[in-house]
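Report on the structure
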Amino acid sequence: MATQYLAIVTGGAQGIGHGIAEALLQTGAKVHFLDFDDAEGHKAQKEFDEKFGTGKAKFVHCDVSIPDELEKAFRQAKTEMGGLNVICNNAGIACPLGERTRWEKVVATNLGATINGSFLGYDLLDKDGNGGVIINTSSLAGLEPAPYAPVYTSTKAGIIGFTRSAAITSPKGVRINVLCPDFTDTKLVRNVMTEMQQVMSEEDFKKMILENIHKTERKDQNVAEQTAPLQPIEIGIEVVNKLIKEKSKHGEVLIVSKARGTSYHTFK
């Protein structure tokens, strides 16, 4: 009998989180998706209800940077779904031109909530024969510094370091993995690009996209293909197929990229 996924996805109302939630719902999962943006949350709720029927997805307002809110939402999700076997700590923010004044919020949202969500997973995930899995969303910026965003970069690198270390001593029956997506068509990315264009010339901006973000070695793609952003659902499907369904995957760092392809990162 196939496993029914009972999942929490933070930052699930939009962007990559929305893609992960939708990909899980496509498998017949039940999903509580958390987000601080009520307008986007209600919009996603309506969309998921129309696609998958009522009762499959539930929007929960939550500021993941506040530990008490996060814990309450997680415990409520397990109680209402009757179990919990997937946690996707995905919520994240970025503000390159405002990092000096908002860096604590960036750290609390990106790294702090991922750590808190993972430790909650240790306590709440089902550890029966099907086991439980935690997916923590990092970024290529966690492997290669993102221009103009040192705080964002540090949080994404921290997520990778935390998850790889946590995989060594995680409770029996709990797997934990990292997602590192490339350039993706999300509101967060569009806002970051708008900010960067305020301080860079058009020529330097295009060079950054090609050299600093993708660094592709594939010769079978033209520039348009290399710079085309991923769609969130593409990432969500890869997460489900390669990090959730594959029960052998534990402590893995999955890169999802059009320019590089999808692969597990190997550290030298």
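A brief look at the structure comes next. Quick caveat: nothing in here was measured; it's all calculated off a predicted structure. (Residues numbered from 1 in each chain as written. Predicted model: local features only at pLDDT ≥ 70, side-chain atom pairs only at ≥ 80, totals over all residues. Heavy atoms only, no water.)

Right, let's get into the packing of aromatic side chains. A ring pair, where both rings are aromatic, is described by two values, the distance of the centres and the angle of the planes. The full count for this structure, using the stated rule, is five aromatic pairs. Ring geometry for Phe33 versus Phe48: centroids 5.3 Å apart, planes at 90 degrees, classification edge-to-face. In this pair, Phe33 sits in strand S2 (residues 30-35) while Phe48 sits in helix H2 (residues 38-52), placing the two residues 15 residues apart along the sequence. Taken together, a centroid distance of 5.7 Å and an interplanar angle of 35 degrees make the contact between Phe33 and Phe59 tilted. Residue Phe33 is located in strand S2, and its partner Phe59 is located in strand S3 (residues 57-61); the two are separated by 26 residues in the primary sequence. This pair shows no difference in class: Phe33 is buried, exactly as Phe59 is. Aromatic ring contacts, followed pair by pair, group Phe33, Phe48, Phe52 and Phe59 into a single cluster. Sitting over the face of the ring of Tyr264, Lys249 holds its NZ or CZ atom 4.4 Å from the ring centroid. (Phe/Tyr/Trp six-rings, centres within 6.5 Å; stacked < 30°, edge-to-face > 60°. Helix = DSSP H or I, 4+ residues; strand = E, 2+ residues; numbered from the N terminus. Buried < 20%, exposed > 50% of the residue type's maximum accessible area, 1.4 Å probe, protein only. Lys NZ or Arg CZ within 6 Å of the ring centre and 35° of its normal.)

With that settled, the discussion passes to empty space enclosed by the protein. By the definition in use, this model includes one cavity of 30 Å³ or more. Within this model, the largest cavity holds a volume of roughly 40 Å³. Along its surface, the largest cavity is lined by Thr10, Val64, Leu70, Asn89, Asn90, Ala91, Thr109, Ala113 and Thr114. Among the elements that take part in the lining of the largest cavity, helix H4 (residues 99-124) stands out by supplying three residues, more than any other. Per-class residue counts for the lining of the largest cavity are four nonpolar, five polar and no charged. (1 Å grid on protein atoms, 1.4 Å probe; cavity = no way out; pocket = protein on both sides within 12 Å on 5 of 7 lines; lining within 4 Å. Points joined across faces, edges and corners; volume = space filled by probe spheres on them. Nonpolar A, V, L, I, M, F, W, Y, C, P; charged D, E, K, R; others polar.)

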